[in-house]
Amino acid sequence: MHKLSLPTSIALIVALGSSAWALECPVPAKIDDVATAAKIQELLPADTDLDAPDALQSAVFDLKAAGISDDLILDNLISVRCAAVNAQTGVSDDEKTQQVEAFSQSANDVVFSDVD
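Here's what I pulled together on the structure shown here.

Rules behind the numbers
- Residues numbered from 1 in each chain as written.
- Predicted model: local features only at pLDDT ≥ 70, side-chain atom pairs only at ≥ 80, totals over all residues.
- Heavy atoms only, no water.
- Helix = DSSP H or I, 4+ residues; strand = E, 2+ residues; numbered from the N terminus.
- Areas by Shrake-Rupley, 256 points an atom, 1.4 Å probe, with all protein chains shown as cover.
- Buried < 20%, exposed > 50% of the residue type's maximum accessible area, 1.4 Å probe, protein only.
- Arc of directions from axis to C-beta.
- Salt bridge = Lys/Arg side-chain N within 4 Å of Asp/Glu carboxyl O.
- Contact = heavy atoms within 4.5 Å.
- Axes fitted to C-alpha atoms, helices over the stretch in contact; angles between N-to-C directions.
- Parallel < 35°, antiparallel > 145°, perpendicular 65-115°, else oblique.
- Left-handed = near helix turned anticlockwise from the far one by under 90°.
- Nonpolar A, V, L, I, M, F, W, Y, C, P; charged D, E, K, R; others polar.

In terms of helices and strands, the protein chain carries five helices and zero strands. When the helices and strands of the protein chain are listed from N to C terminus, the series reads α-α-α-α-α. For the protein chain, the accessible area works out to roughly 6,800 Å², and carbon and sulfur atoms hold 56% of it.

Right, let's talk about the environment of isoleucine 78 for a bit. As for its placement among the helices and strands, isoleucine 78 is situated in helix α4 (residues 70–86). Taking C-alpha positions, isoleucine 78 is 7.6 Å from valine 100, a pair spaced 22 residues apart along the chain.

Topologically, aspartate 71 is positioned in helix α4. Put simply, aspartate 71 and asparagine 108 are 37 residues apart on the chain and 9.4 Å apart in space, counted from C-alpha to C-alpha.

Listing the buried residues of helix α3 (residues 55–65) in full gives Ala55, Leu56, Ala59, Val60 and Leu63. Around the axis of α3, the buried residues are gathered within 125° of arc, so they sit on the same side. Opposite the buried face of α3, by more than 90 degrees, sit the exposed residues Phe61 and Ala65. The positive-phi residue at the C-terminal boundary of α3 is glycine 67, with phi of around 85°.

Under the counting rule described, the total for this entry stands at four salt bridges. Of the charged contacts in the structure, one is a salt bridge between glutamate 42 and lysine 39, with a shortest N-O distance of 3.6 Å. A residue pair is termed a helical-turn pair when its members lie 3 or 4 positions apart in one helix, as glutamate 42 and lysine 39 do in helix α2 (residues 34–43) at three residues. Residue class for lysine 39 comes out partly exposed when judged on its relative accessible area of 31%.

Looking at the element boundaries, valine 111 is found in helix α5 (residues 93–111). For valine 111, a relative accessible area of 0% puts it in the buried group. Taking the C-alpha atoms as reference, valine 111 lies 9.8 Å from leucine 63; in sequence the two are 48 residues apart. Here valine 111 is in contact with Val60, Lys64, Asp70, Ile73, Leu74 and Leu77, once residues within four sequence places are set aside.

Here we take up the packing of α3 against α4. One can describe the packing of α3 onto α4 by two numbers: an axis separation of 10 Å at closest approach and a directional angle of 140°. With respect to α4, the element α3 is oriented oblique. Helix-helix and strand crossings are classified by hand; for α3 and α4 the assignment is right-handed. Residues Leu56, Ala59, Val60, Leu63 and Lys64 of α3 lie in contact with α4, whose contacting residues are Asp70, Ile73 and Leu77. For the contact of α3 with α4, the per-class residue count stands at six nonpolar, no polar and two charged.

Written as structure tokens, this is what we have:
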């Protein structure tokens with residue numbers, strides 16, 4: 001299993017924080033390359049349903065095929081999923097945190113797997 005990069009680890013700590021606080025989602029790292037930022041936005045718009053069957057693998061495949069780095073892929077996947085989880089109503093902050101933690105681990109496994 002691949003270790004998370006420092007920026008991704010920090011984003012997860014900020015996102016998951018303490019169960020006493022409301023869930024705060026990380027903002028993806030600023031991307032200076034306009035073409036890369038546009039490609040990510042095209043392939044992973046903010047309303048992407050990453051909870052749908054095979055959605056995570058499909059998103060990762062498309063982003064890798066576009067030449068996006070693994071760290072940027074993971075950063076953006078977590079940001080998009082966290083925002084969707086945070087928007088859920090009738091779900092406690094602890095449950096939201098658990099959902100984001102589980103997704104983060106799954107995303108990490110998919111992004112850093114040797115199988116493309």
